[in-house]
Amino acid sequence: MAKFRLDEVDHQILDMLIDNTRTPFTDIAKKLLISAGTVHVRVKKMEEAGIIRGSSLTLDYVKLGYAFIAYVGIFLEKTHQTKFVIERLNEIPNITVAHVTTGKFNIFCKVRAKDTKHAKDIIFRIDDIDGVARTETMISLEESINDKKRLMHSIFNEM
């Protein structure tokens, strides 16, 4: 597939949708001084090109009682067990992100929990997975940066 070319209007549409995926196309059109149909067509083209994949909802996990975040580095007994371990990790809903990595850990996960006791229970579940040799856990004290737009603007500037 040929590389999809984004122009400044596409950048502005994406900018507004990253702020709020529920922004009506009519509101975007008014701000950009284009028709809502144009916004619809451009978003559709970006979806078809795979640039936009669905939309997401941002939850306030603190208000839901899940303020505790830990990062767990997983050491495997054998690297060929990676797929099996990832499948088992996927069965633990509190693991919200998992990466197969190089370096110190074979797998690196983000865990969301209610508190330290809850996190301990989740980490013990991870330790019990066949193929996991051991884990190393880091507790997040604060999420200091969570900015999707900064990367998006950097990418646009490179285009």
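You'll find the structure just up there.
Residues numbered from 1 in each chain as written. Predicted model: local features only at pLDDT ≥ 70, side-chain atom pairs only at ≥ 80, totals over all residues. Heavy atoms only, no water.

## Comments concerning the overall build of the protein
Across its full length, the protein holds 6 helices and 4 strands. Taken from N to C terminus, the helices and strands of the protein fall in the order α-α-α-β-α-β-β-α-β-α. Taking 159 residues into account, the globule formula puts the C-alpha radius of gyration at 15 Å, and the protein, at 20 Å, lies well above it. Projected onto its principal axes, the C-alpha positions of the protein cover 55 × 40 × 25 Å. For the protein, restricting intrachain contacts to residue pairs at least 6 apart in sequence, the fraction spanning at least 24 positions comes to 68%. Accessible surface for the protein amounts to roughly 11000 Å². Of this, 53% is attributable to carbon and sulfur atoms. Of the charged side chains in the protein, 24 are positive and 22 negative; the average position of the first set lies 2 Å away from that of the second. (Helix = DSSP H or I, 4+ residues; strand = E, 2+ residues; numbered from the N terminus. Rg over C-alpha atoms; globule rule 2.2 N^0.38 Å. Contact = heavy atoms within 4.5 Å. Areas by Shrake-Rupley, 256 points an atom, 1.4 Å probe, with all protein chains shown as cover. Lys, Arg positive; Asp, Glu negative; His and termini not counted. Charge placed at Lys NZ, Arg CZ, Asp CG, Glu CD.)

## Section: the sheet that holds strand β2 (residues 95-100)
Across the sheet, which stays open at both edges, the 4 strands sit in the order β2-β3-β1-β4 with antiparallel pairing between neighbours. Pairing within the sheet leaves two strands with one partner each, and these edge strands are β2 and β4 (132-139). Strand-to-strand, the axes of this sheet are offset by a mean angle of 20°, without reference to chain direction. Of the strand pairs in this sheet, β2 and strand β3 (residues 107-113) are connected by 5 bridges, and their pairing is antiparallel. Looking at the pairing, V100 lines up with I107 of β3. Contacts from helix α4 (residues 82-89) reach β1 (68-76), β2, β3 and β4 within the one sheet, and its direction differs from that of β3 by about 10°. (Pairing = 2+ DSSP bridges. Axes fitted to C-alpha atoms, helices over the stretch in contact; angles between N-to-C directions.)

## A word on the pattern of salt bridges
Taken as a whole, this structure holds 10 salt bridges when the rule is applied. The closest approach of N and O atoms between E143 and K110, which form a salt bridge, is 3.9 Å. Of this pair, E143 sits in the loop between β4 and α6 (148-158) while K110 is found in strand β3, placing the two residues 33 residues apart along the sequence. As a salt-bridge pair, R134 and E136 come within 4.0 Å of each other at their nearest N and O atoms. Ionic contacts of the salt-bridge type, sharing partners, join the residues K83, E87, R88 and E91 into one network. (Salt bridge = Lys/Arg side-chain N within 4 Å of Asp/Glu carboxyl O.)

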